[in-house]
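# Coordinates in review
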Amino acid sequence: VCKYRVDRIRHPYALPALALNPAAIECRATVYGLAPARIYVFRVHTGNMFGFETTGSNLMFGSTISLPTTGIQDLRVHSIQTNENRSNYQVTLTWTKPIGWPVVSRYYATFSELLPPNYNVSGVVWKSTAGSAYLGRKVLDSALTPLSYEVPNLVKGSRYALRAHVGNNDGIDGFYPDMQMDPIVSNIVTVFMEDRPLRPRIGVASPSQPDRNSMLLLTFGEPDVGGKATSYYAEYQDCGTASAPVCSTIELAMDDASRHLFTHQINGNSQLHRFTSSPLVVTGLKNNTWYQLRVGAGNLAGDGPLSP
């Protein structure tokens, strides 16, 4: 049907012609009976009472593919896995399944190395995580939530931007065909590939208010070497009530049940208590008792060793 005013936004190429003929009209046609989950090529032929020309118009692509329209909203970096080979560090990403229709059932991640000094994300070229799926991508097929996905072969000392793409079982491989221009992508997260922090510089422990008989205030400094600390954890040891402290010299493993790590309860489970900066207030201690206090630092790569 040729009766519509020309849509100048959808057809910017027609602006010169409209300048010559402002009364030009737009034709529209509806094509029925198309099979679902297919990509089609369309072109238009013009004619009159004597027949139609055979060359046709320019080609345009269209589809009946129903790809997801809801992207991941909570992508985050869960951890960094270090390696002796500095070019083979690995990041684990986590997220929850988007809710919407069409249902999301497939995922893959893309990444880009950010360059100093500004580490700007805009205009970067995204690379897919290598795998055995279509176009050499690593694809995660899962209806579960939350989900996790590993991105390997990242270089120590580099900063990366990462994002995740959603798909389903429609189309060629269930994903938007242009990885760079995919309109339904997750939030972008950035991560600096670094090692665990080493030992913090321990300071002084002194009685603390409001109960100086059962509380100590412990100060400490950031580690001088290793990765940048983003959190800290602490351990205490009861060294007795004698005139001089008697402390064990045995170095215990992080998972040793006899360690006195500061913990707190989350949903009925004991979790390692983490804090972000100095000082630390230690509570629940006994009066007239010696204690040894040690602090360790951690980041996305894991927890480093405790202070001496």
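The coordinates are above.
None of the values given here were measured: they were computed from a predicted structure. (Residues numbered from 1 in each chain as written. Predicted model: local features only at pLDDT ≥ 70, side-chain atom pairs only at ≥ 80, totals over all residues. Heavy atoms only, no water.)

### Topic: the environment of Val-166
Selection rule: Helix numbering and strand numbering both begin at the N terminus, where a helix is a DSSP run of H or I of at least 4 residues and a strand a DSSP run of E of at least 2. Only protein chains enter the accessibility calculation, which uses a 1.4 Å probe. A residue is then buried if its area is under 20% of the maximum for its type, exposed if over 50%, and partly exposed in between. Contact definition: two residues touch when any of their heavy atoms are within 4.5 Å.
Considering the arrangement of structural elements, one finds Val-166 in strand E13 (residues 159-167). Among the residues examined, Val-166 registers a relative accessible area of 4% and is labelled buried. It is 4.7 Å that separates the C-alpha atoms of Val-166 and Tyr-107, two residues lying 59 residues apart in sequence. Excluding anything up to four places from it in sequence, Val-166 contacts Pro-68, Thr-70, Gly-71, Ile-72, Pro-98, Val-104, Arg-106, Tyr-107, Gly-174, Phe-175 and Ile-184.

### What about the side chain of Ser-186?
The line we're drawing: Two N or O atoms form a polar contact when they lie within 3.5 Å of each other; inside protein one atom must be a possible hydrogen donor and the other a possible acceptor, and for residues adjacent in sequence the pair counts only when both atoms belong to side chains.
Turning to its location among the elements, Ser-186 is positioned in the loop between E13 and strand E14 (189-192). Polar contacts involving the side chain of Ser-186 include one to the main-chain amide nitrogen of Ala-164, which spans 2.8 Å. Discounting residues that sit within four places of it in the chain, Ser-186 has contacts with Ile-72, Leu-75, Arg-163 and Ala-164.

### A look at the sheet that holds strand E17 (residues 231-238)
Pairing between the strands of a sheet is mediated by backbone hydrogen bonds and can be parallel or antiparallel. Going by this rule: Here, any two strands with at least 2 DSSP bridges between them count as paired. Only the stretch in contact is used when fitting a helix axis, every axis being a line fitted to C-alpha atoms; angles between N-to-C directions are given from 0 to 180 degrees.
With antiparallel pairing, three strands are arranged side by side in an open sheet as E17-E21-E22. Since the sheet does not close on itself, it has two edges, and those belong to E17 and strand E22 (302-306), each with one partner. If you compare each strand with its neighbour and ignore which way they point, the axes differ by 25 degrees on average. Sheet topology note: the strand E21 (residues 291-299)/E22 ladder contains three bridges and is antiparallel. The residue bridging Gly-296 from the neighbouring strand is Leu-306, located in E22.

### Here's the deal with the sheet that holds strand E8 (residues 89-95)
Within the open sheet, the three strands sit side by side as E7-E8-E12. Their pairing is antiparallel. Strand pairing shows two members of the sheet lacking a second neighbour, strand E7 (76-81) and strand E12 (147-154), which therefore form its edges. Neighbour to neighbour, the strand axes of the sheet diverge by 25 degrees on average, direction disregarded.

### Considerations on unusual backbone geometry
Trp-101 connects to Pro-102 through a cis peptide bond whose omega is 0 degrees. Structurally, Pro-102 is set in the loop between E8 and strand E9 (106-114). Of the consecutive residues Pro-116 and Pro-117, the connecting peptide bond is found in the cis state with omega at 5 degrees. Checked against the element boundaries, Pro-117 lands in the loop between E9 and strand E10 (127-128). For Tyr-119, which is not glycine, the phi dihedral falls at a positive 50 degrees. Take Tyr-119: it is sitting in the loop between E9 and E10. Taking the relative accessible area as the measure of exposure, Tyr-119 reaches 31% and is therefore partly exposed. Look at Leu-135: it is not a glycine, yet its phi comes out positive at around 65 degrees.

### A word on the nonpolar core
To keep things clear, this is the line we draw: Grouping buried Ala, Val, Leu, Ile, Met, Phe, Trp, Tyr and Cys residues that are joined through side-chain atoms within 4.5 Å yields what is termed a nonpolar core.
Val-91, Leu-93, Trp-95, Val-151, Leu-162, Val-191 and Met-193 are the most contacted members of the largest nonpolar core, which totals 27 residues. Looking at this core, the elements with two or more residues in it are E7, E8, E9, E12, E13 and E14. Not counting residues up to four positions away in its chain, the partners in contact with Met-193 are Ile-80, Tyr-89, Gln-90, Val-91, Leu-154, Val-155, Lys-156, Gly-157, Ser-158 and Tyr-160. Core analysis: the second largest hydrophobic core is formed by 14 residues, Phe-220, Ala-229, Ala-234 and Leu-280 among them.

### Considerations on the packing of aromatic side chains
In plain terms, the rule: When two rings of Phe, Tyr or Trp (its six-membered ring) have centres within 6.5 Å they constitute a pair, described as stacked for plane angles under 30 degrees, edge-to-face for angles over 60, and tilted for the intermediate range. Two conditions define a charge sitting above a ring: the NZ of Lys or the CZ of Arg must be within 6 Å of the ring centre, and it must be within 35 degrees of the ring normal.
A full pass over the atoms with the stated rule returns eight aromatic pairs. Seen from their ring centres, Trp-95 and Tyr-149 are 6.3 Å apart, and the 45 degrees between their planes marks the pair as tilted. Residue Trp-95 is found in strand E8, and its partner Tyr-149 is found in strand E12; the two are separated by 54 residues along the sequence. Judged by its relative accessible area of 2%, Trp-95 is buried. Three or more aromatic residues joined by ring pairs form one cluster here, namely Trp-95, Tyr-107 and Tyr-149. Note that Arg-137 overlies the ring of Tyr-108, its terminal NZ or CZ placed 4.2 Å from the centroid. Over the face of the ring belonging to Tyr-119 we find Arg-159, whose NZ or CZ atom lies 4.8 Å from the ring centre.

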